[in-house]
Amino acid sequence: MTGVLAFLASIGRVILGLLASVGRVTLFALETISHILRPPFYWREFGQALVQIGWLSLPVVGLTALFTGGALALQIYAGGARFSAEAVVPSIVAIGMVRELGPVLGGLMVAARVASSIAAEIGTMKVTEQIDALVTLSTHPMKYLTVPRVLAATLAVPVLVAVGDSIGIFGGYLVGVTRLEFNAAAYLKNTVDFLEFWDVGSGLVKGAVFGFLIALMGCYFGMQSGRGAQGVGRATKSAVVAASVLILASNYVLTEVFFAA
Amino acid sequence: MITLNGIHKSFGNNQVLRGVDLHVPTSESMVIIGGSGTGKSVTIKTVLGLVEPDRGKIEVDGQNVAKADRDAFLARFGMLFQGGALFDSLPVWQNVAFRLMRGALKKPKDEARTIAIEKLRRVGLKEDVADRFPAELSGGMQKRVGLARAIAAEPEIIFFDEPTTGLDPIMSGVINDLIREIVVEMGATTMTITHDMTSVRTIADRVAMLHDGVIQWTGRLDEMDTANDLYLQQFIHGRAEGPIEAVR
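These numbers were taken from a predicted model, which means no experiment stands behind them. Residue positions are given per chain, counting from 1 as you read along its sequence in written order. Each chain is given a letter, starting from A, and each ligand a number, starting from 1, according to the order in which they appear as written. A pLDDT threshold of at least 70 governs which residues receive local features in this predicted model, and a stricter bar of 80 or more applies before side-chain atom pairs are shown or counted, although totals over entire chains, interfaces and linings include all residues. Hydrogens are left out, water is left out, and the side-chain values use all remaining heavy atoms of the structure.

*Asks:* Quick rundown of the overall build of chain B? Include the residues and the values.
*Replies:* Numbering of helices and strands runs from the N terminus, with a helix taken as a DSSP run of H or I at least four residues long and a strand as a DSSP run of E at least two residues long. Tallying secondary structure elements over chain B gives 9 helices and 10 strands in all. Restricting the calculation to C-alpha atoms gives the radius of gyration, and the globule rule supplies 2.2 Å times the number of residues raised to the power 0.38. For 248 residues, the compact-globule formula gives about 18 Å, and the C-alpha radius of gyration of chain B, at 18 Å, lands near that figure. Counting only C-alpha atoms and orienting by the principal axes, one finds that chain B spans roughly 55 × 40 × 35 Å. Within chain B, the fraction of its 248 residues that count as buried is 55%. Of the contacts made within chain B by residues no fewer than 6 positions apart, 64% connect residues no fewer than 24 positions apart. Using a 1.4 Å probe on the protein chains alone, a residue whose accessible area is under 20% of its type maximum counts as buried, one over 50% counts as exposed, and one in between counts as partly exposed. Residues are treated as being in contact if the distance between any of their heavy atoms lies within 4.5 Å.

*Asks:* Could you give an account of the overall build of chain A, with specific residues and numbers?
*Replies:* Broken down by element type, chain A carries 9 helices and 0 strands. Counted from the first residue to the last, chain A has its helices and strands arranged as α-α-α-α-α-α-α-α-α. With respect to the principal axes defined by its C-alpha atoms, chain A has extents near 65 × 60 × 35 Å. Burial analysis of chain A (261 residues in total) assigns 45% to the buried set. Partitioning the intrachain contacts of chain A with sequence separation of at least 6 by distance along the chain shows that 85% fall at a separation of at least 24. Here chain A has roughly 12,800 Å² of accessible surface; of this, 72% comes from carbon and sulfur atoms. Using a 1.4 Å probe, the Shrake-Rupley method yields the accessible areas, and only the shown protein chains count as cover for residues.

*Asks:* Tell me about helix 6 (residues 169-186) of chain B, residues and numbers included.
*Replies:* All names here are of chain B. In this scheme, a helix's expected span is set at 1.5 Å multiplied by one less than its residue total. Between its terminal C-alpha atoms helix 6 stretches 25 Å, which fits the 26 Å expected from 18 residues at 1.5 Å a residue. When helix 6 is considered as a whole, its buried residues turn out to be M171, S172, I175, N176, L178, I179, I182 and V183. One face of helix 6 carries all of its buried residues, which in axial projection span an arc of 160 degrees. Across helix 6 from its buried face, at more than 90 degrees, point the exposed residues P169, I170, V184 and E185. The opening residue of helix 6, the one whose side-chain oxygen lies 3.0 Å from the backbone nitrogen of I170, is D168. This arc corresponds to the set of directions leading from the helix axis out to the C-beta atoms. Throughout this description, a polar contact denotes any pair of N or O atoms lying within 3.5 Å of each other; where both atoms belong to protein, one of them has to be capable of donating a hydrogen while the other can accept it, and for residues adjacent in sequence the pair is counted only when both atoms sit in side chains.

*Asks:* Tell me about the pattern of salt bridges, and please be specific about residues and values.
*Replies:* Any carboxyl oxygen of Asp or Glu that lies within 4 Å of a side-chain nitrogen of Lys or Arg is treated as forming a salt bridge with it. Taken as a whole, this structure holds 22 salt bridges over all chains when the rule is applied. K45 of chain B is paired through a salt bridge with E129 of chain A; the nearest N and O atoms lie 2.9 Å apart. One end of the pair, K45 of chain B, is in helix 1 (residues 40-48); the other, E129 of chain A, is in the loop between helix 4 (89-127) and helix 5 (130-136), on a second chain. Classification of K45 of chain B as buried rests on a relative accessible area of 14%. Residue classification places E129 of chain A among the buried residues on the basis of a relative accessible area of 14%.

*Asks:* Help me get a handle on the packing of helix 4 of chain A against helix 8 (residues 197-223) of chain A, residues and values and all.
*Replies:* Residue and element names in this part refer to chain A. Only the stretch in contact is used when a helix axis is fitted, and all axes are lines through C-alpha atoms; the angle between N-to-C directions ranges over 0 to 180 degrees. Closest axis-to-axis distance for the helix 4/helix 8 pair is 7 Å, and the angle between their directions is 15 degrees. Relative to helix 8, the element helix 4 is oriented roughly parallel. Seen from above, helix 4 lies across helix 8 with right-handed handedness. Each residue gets one of three labels, nonpolar for Ala, Val, Leu, Ile, Met, Phe, Trp, Tyr, Cys and Pro, charged for Asp, Glu, Lys and Arg, and polar for the others, Gly among them. Tallied by class, residues from the contact of helix 4 with helix 8 come to 17 nonpolar, 6 polar and 5 charged. An angle below 35 degrees is treated as roughly parallel, one above 145 as roughly antiparallel, one from 65 to 115 as roughly perpendicular, and anything else as oblique. For any helix crossing, the convention is left-handed if the near helix is rotated counterclockwise from the far helix by under a right angle, and right-handed if that rotation is clockwise.

*Asks:* Summarise the nonpolar core; cite the residues concerned and give the values.
*Replies:* In plain words, nonpolar cores are sets of buried Ala, Val, Leu, Ile, Met, Phe, Trp, Tyr and Cys residues tied together by side-chain atoms within 4.5 Å. Residues I2, L22, F159 and M191 of chain B are the most contacted members of the largest nonpolar core, which totals 85 residues. The leading source of residues in this core is helix 8 of chain A, at 11 residues. Every residue in contact with F159 of chain B, bar those within four places of it in the chain, is listed here: I2, I44, V47, L48, F77, G78, M79, L80 and M191 of chain B. Listed in part, the 50 residues of the second largest apolar core include A116, M141, M197 and M224 of chain B.

*Asks:* Outline helix 8 of chain A, listing residues and values.
*Replies:* Its 27 residues give helix 8 of chain A an end-to-end C-alpha distance of 39 Å, which sits within 8% of 39 Å, the value for a rise of 1.5 Å per residue. Across the 27 residues of helix 8 of chain A, 20 count as buried, placing the element largely inside the fold.

*Asks:* Go over the sheet that holds strand 6 (residues 77-80) of chain B, please, and point to the residues and values.
*Replies:* Residues and elements named next belong to chain B. Whether two strands pair comes down to DSSP finding at least two bridges between them. On the basis of which strands lie adjacent, the open sheet formed by 6 strands has the order 6-7-8-3-9-10 and mixed pairing. Every interior strand has two partners, whereas the edge strands, strand 6 and strand 10 (214-220), have only one. Across the sheet, the mean angle separating the axes of adjacent strands is 15 degrees when strand polarity is ignored. Pairing of strand 7 (residues 157-161) with strand 8 (residues 189-193) involves 5 bridges; the strand directions are parallel. Counterpart to I158 in the pairing with strand 8 is T190.

*Asks:* Now, about the interface of chain B and chain A: what can you tell me, with residues and values included?
*Replies:* Across the contact, 23 residues belong to chain B and 16 residues belong to chain A. Where chain B abuts chain A, roughly 1,600 Å² becomes buried across the two surfaces, and 57% of that area is made up of carbon and sulfur atoms. Run the count over chain B and chain A and you get 3 salt bridges. Among the salt bridges present, the one from E45 of chain A reaches R102 of chain B, with a minimum N-O distance of 3.7 Å. Among the secondary structure elements, those contributing two or more residues to the side of chain B that touches chain A are helix 1, helix 2 (70-74) and strand 6 of chain B. Examining the composition of the side of chain B that touches chain A, we find that 3 residues originate from one element, helix 2 of chain B, more than from any other. Of the residues belonging to the side of chain B that touches chain A, the class tally is 12 nonpolar, 3 polar and 8 charged. Put simply, buried area is how much 1.4 Å-probe accessible surface two parts lose in total, over both of them, once they are put together.

*Asks:* Run through the sheet that holds strand 2 (residues 14-24) of chain B, naming residues and quoting values.
*Replies:* Residues and elements named next belong to chain B. The 4 strands are arranged 2-1-4-5 in an open sheet whose pairing can be described as antiparallel. Each edge of the open sheet carries a strand with a single partner, namely strand 2 and strand 5 (63-64). Where strand 4 (residues 55-60) lies against strand 5, 2 bridges are found, and the strand directions are antiparallel. Considered in strand 5, the bridge of V60 is made with Q63. In the packing of helix 1 onto the sheet, contacts are made with strand 1 (2-11), strand 2 and strand 4, and the angle to strand 1 comes to roughly 115 degrees.

*Asks:* Would you mind going over the packing of aromatic side chains in detail, with residue names and values included?
*Replies:* All names here are of chain A. Aromatic pairs are defined between Phe, Tyr and Trp rings, using the six-membered ring for Trp, whenever the two ring centres lie within 6.5 Å; interplanar angles under 30 degrees are classed as stacked, those over 60 as edge-to-face, and all others as tilted. Here the structure, examined in full by the defined rule, presents 16 aromatic pairs over all chains. Summarising the aromatic geometry, the rings of F258 and F259 are spaced 6.2 Å apart at their centres and angled 80 degrees between planes, so their arrangement reads as edge-to-face. Each member of the aromatic cluster is reached from another via a ring pair, and the members are Y77, F170, Y173, F182 and Y187. Note that R99 overlies the ring of F259, its terminal NZ or CZ placed 3.9 Å from the centroid. To sit over a ring, a charge needs its Lys NZ or Arg CZ within 6 Å of the ring centre and within 35 degrees of the ring normal.

Below, the structure is given as structure tokens:
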């Protein structure tokens with residue numbers, strides 16, 4: 001009996017811990033939003049974050065999209081050949097990229113690159129008392145560190161997704177035309193004809209949500225970082241894991257909201 | 001004038017401060033000494049609001065700090081952190097002029113840079129340091145930049161957290177002399193935390209010893225050597241034998 005109670009208590013502790021974490025992250029997110037809406041706003045830090053998160057993530061997002069688009073074309077061609085539907089390759093590549101793979105894979109790549117770097121930077125600032133120094137210099141750490149990064153990621157990731165979508169479709173086009181012997185003009189026509197505005201729009205909305213979550217997780221775990229190198233390492237790992245899981249979970253929720261029958 | 005009354009603070013089961021009472025008169029230099037982990041840094045962080053006390057009251061010039069307007073309150077303070085706490089992403093001059101480039105004390109960029117360079121000179125650094133990044137500087141130079149940042153906005157109250165830790169004896173002497181000169185020149189009220197008895201003798205007007213979460217002894221510097229307190233005498237003479245356990 002005691003063993004059963006101990007087992008149930010341990011499950012209860014895990015659930016309570018999880019709920020407490022969700023509560024803390026939610027409060028952090030609400031505090032971030034409230035600071036976004038109130039001055040002062042640090043434009044210089046926002047500009048730097050935009051370059052770090054947006055511009056410098058372009059190569060990794062572009063390469064990911066290019067290879068994904070190419071592989072997708074090969075897979076759809078092989079699958080479609082089983083019921084003589086090879087012609088759907090351009091439209092399925094386009095829809096698959098803009099609705100799902102562009103935002104999700106782009107989001108995951110940005111999460112790996114950006115959430116880790118934000119968490120490590122802010123975590124190091126915390127353990128070296130730079131965040132305390134900010135406070136003594138009359139500067140709110142949420143406004144100076146979190147708001148510019150969260151806002152920059154929320155605006156930059158949809159742009160990255162749009163660029164990634166285009167490069168992914170181009171990857172599919174390259175494979176379609178060079179390897180699968182599609183007619184170039186017909187491939188492009190099929191791509192454009194079957195794409196609807198909301199296919200692209202939904203992917204961009206997902207990108208904005210993913211960007212918000214990525215920067216939020218980086219900032220949250222950085223601010224919560226424990227002492228020393230081990231604390232910063234743990235914060236960095238947690239930020240990437242949490243951002244990745246939240247991207248996949250929110251992707252499902254958003255897909256339900258946008259496309260459920 | 002800074003007054004701490006019955007300050008208690010614990011972290012989990014670790015009761016760090018058990019009722020700290022301390023009075024720092026205006027324009028005087030108070031140095032807090034005590035062993036590692038006795039809560040010296042926590043004490044000054046409670047004054048700045050970086051750590052919220054569990055109990056007790058802190059007043060600065062008769063104003064309860066818990067009820068003060070944060071920005072106006074913090075604008076009166078400067079702080080030199082133990083490791084410098086310089087912002088890695090900013091060049092030295094922007095670290096020094098940080099407060100002068102934002103908020104209520106904001107000045108034009110050129111003016112802020114001129115003031116930063118003047119403060120760097122005041123702490124013995126040349127103008128060419130201004131455009132370097134903190135990571136390019138030695139530990140002693142980083143401390144001096146931290147000191148320049150602490151005095152940049154000419155605060156009324158300055159806190160120094162372990163100003164000579166990690167420095168060689170000569171650089172420690174330079175920093176101690178600079179702090180004393182600046183304190184006298186600016187007429188600021190200061191609180192310094194240190195283990196370094198040379199710093200105590202150079203910087204202090206008054207000394208307080210923190211032990212076991214309370215102020216064990218406090219008095220003027222010239223009273224310290226003759227004080228009849230076994231804890232204080234053990235600490236200032238660095239004796240392994242005495243009422244303070246060597247293994248903590």
